[in-house]
Amino acid sequence: MPTLDGELYMWGKNSNGQLGLGKKAAKVIPIPTKVECLSGIFTKQAALGFEHSVAVTGGGKVLSWGAGGSGRLGHGQESSILGFLRSTSEYTPRLIKELEGVKVKIAAAGFLHSACIDENGRVYIFGDRAVDKMLFQEGNHARRPSLISKLPYSEEVVCGGYHTCVLT
């Protein structure tokens, strides 16, 4: 939860780094703990999904961390196959480079996908079956943010388990 000063505090289950406290942090954090790596960065909004988190800075940059399988972090990572490939988890907040130059005003996190809206009301979505289920493109995962151009100017976005809602 961001404070009035834009500091982010997290607590709870931390099995895949979803609290952003680093790889050596405990698997359960029982009390609100400041995300130190974001010191000096004003966090205006945070969204929590299933084992991942997304935040928007005061300058409109988007950071994500936690379990990265299915592309829900937007970093373009591939999921591991039977555990033979490297982990896709991010244990501290990481900038979504695909959205550099885009000023985001709000982000949302769901079960295996995430979404955000930029200052021009455009919606971007990424993660498990986030795009193909809407018939915007083929493939099971949008591992990087994909612009959903078929939507009008949008104000709000919320992600559920396997669904997304946009308020225009």
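Scroll up for the structure.
About the thresholds
Residues numbered from 1 in each chain as written. Predicted model: local features only at pLDDT ≥ 70, side-chain atom pairs only at ≥ 80, totals over all residues. Heavy atoms only, no water. Helix = DSSP H or I, 4+ residues; strand = E, 2+ residues; numbered from the N terminus. Buried < 20%, exposed > 50% of the residue type's maximum accessible area, 1.4 Å probe, protein only. Areas by Shrake-Rupley, 256 points an atom, 1.4 Å probe, with all protein chains shown as cover. Phe/Tyr/Trp six-rings, centres within 6.5 Å; stacked < 30°, edge-to-face > 60°. Lys, Arg positive; Asp, Glu negative; His and termini not counted. Salt bridge = Lys/Arg side-chain N within 4 Å of Asp/Glu carboxyl O. Polar contact = N/O pair within 3.5 Å; in protein donor to acceptor, adjacent residues only side chain to side chain. Contact = heavy atoms within 4.5 Å. Pairing = 2+ DSSP bridges. Axes fitted to C-alpha atoms, helices over the stretch in contact; angles between N-to-C directions. Core = buried A, V, L, I, M, F, W, Y, C linked by side-chain atoms within 4.5 Å.

### So, the overall build of the protein
- In terms of helices and strands, the protein carries zero helices and 12 strands.
- Reading the protein from its N terminus to its C terminus gives the helix and strand order β-β-β-β-β-β-β-β-β-β-β-β.
- Within the span of the protein, comprising 168 residues, buried residues form 46% of the whole.
- As presented, the protein carries roughly 8,900 Å² of accessible surface, and 55% of it is formed by carbon and sulfur atoms.

### Thoughts on unusual backbone geometry
- Its identity as a non-glycine residue notwithstanding, E51 has a phi of 60 degrees, on the positive side.
- On the secondary structure map, E51 appears in the loop between β3 (43-48) and β4 (52-57).
- On the accessibility criterion, E51 (16% relative accessible area) is buried.
- Although it is not a glycine, S70 adopts a positive phi angle of roughly 70 degrees.

### What about the packing of aromatic side chains?
- Tallied over the entire structure, the rule returns two aromatic pairs.
- A centroid spacing of 5.4 Å and a plane angle of 55 degrees characterise the contact between F111 and Y162, whose relative ring orientation is tilted. Within this pair, whereas F111 is found in the loop between β7 (104-109) and β8 (113-118), its partner Y162 is found in the loop between β11 (156-159) and β12 (164-167), the two being separated by 51 residues in sequence.

### A look at the side chain of R72
- Tracing the sequence through the fold places R72 in the loop between β5 (62-66) and β6 (90-95).
- Here R72 is buried and forms no salt bridge, its nearest opposite-charge partner E51 lying at an N-O distance of 5.2 Å.
- Polar side-chain contacts of R72 include one of 3.2 Å to the backbone oxygen of A67.
- Among the polar contacts listed, one links the side chain of R72 to the backbone oxygen of F111, at a separation of 3.4 Å.
- Those residues in contact with R72 that lie beyond four places of it in its chain are F50, H52, A67, F111, L112, H113, S114, F126 and G127.

### Here we look at the sheet that holds β4
- Reading across the sheet, the four strands line up as β3-β4-β5-β6 and stay open at both edges, with antiparallel pairing between neighbours. A strand with exactly one partner marks an edge of an open sheet, and here the two such strands are β3 and β6. Between one strand and the next, the sheet's axes are offset by a mean angle of 15 degrees, whatever the strand orientation.

### Comments concerning the pairing of β3
- In this structure, β3 lies alongside β4, joined through five bridges in antiparallel fashion. Each residue of the ladder has a partner; that of Q45, found in β4, is V56.
- Between β3 and β4, which pair antiparallel in sequence order, lie three residues; one of them, E51, sits at a positive phi of approximately 60 degrees.

### Re the nonpolar core
- With 13 residues, the main nonpolar core has V62, L99, V104 and C116 as its most contacted residues.
- When residues of this core are traced back to their parent elements, those giving at least two are β4, β7 and β9 (123-128).
- Tallying contributions element by element places β7 first for this core, with three residues.
- With sequence-adjacent residues up to four places away left out, C116 is seen in contact with L99, V104, I106, A107, R122, V123, Y124, F126 and V157.

### Notes on the pattern of salt bridges
- If you walk through the whole model with that rule in mind, you get six salt bridges.
- For R94, the salt bridge identified is with E90, shortest N-O distance 2.7 Å.
- Taking the relative accessible area as the measure of exposure, R94 reaches 30% and is therefore partly exposed.
- With a shortest N-O distance of 3.6 Å, E98 and R144 are connected by a salt bridge.

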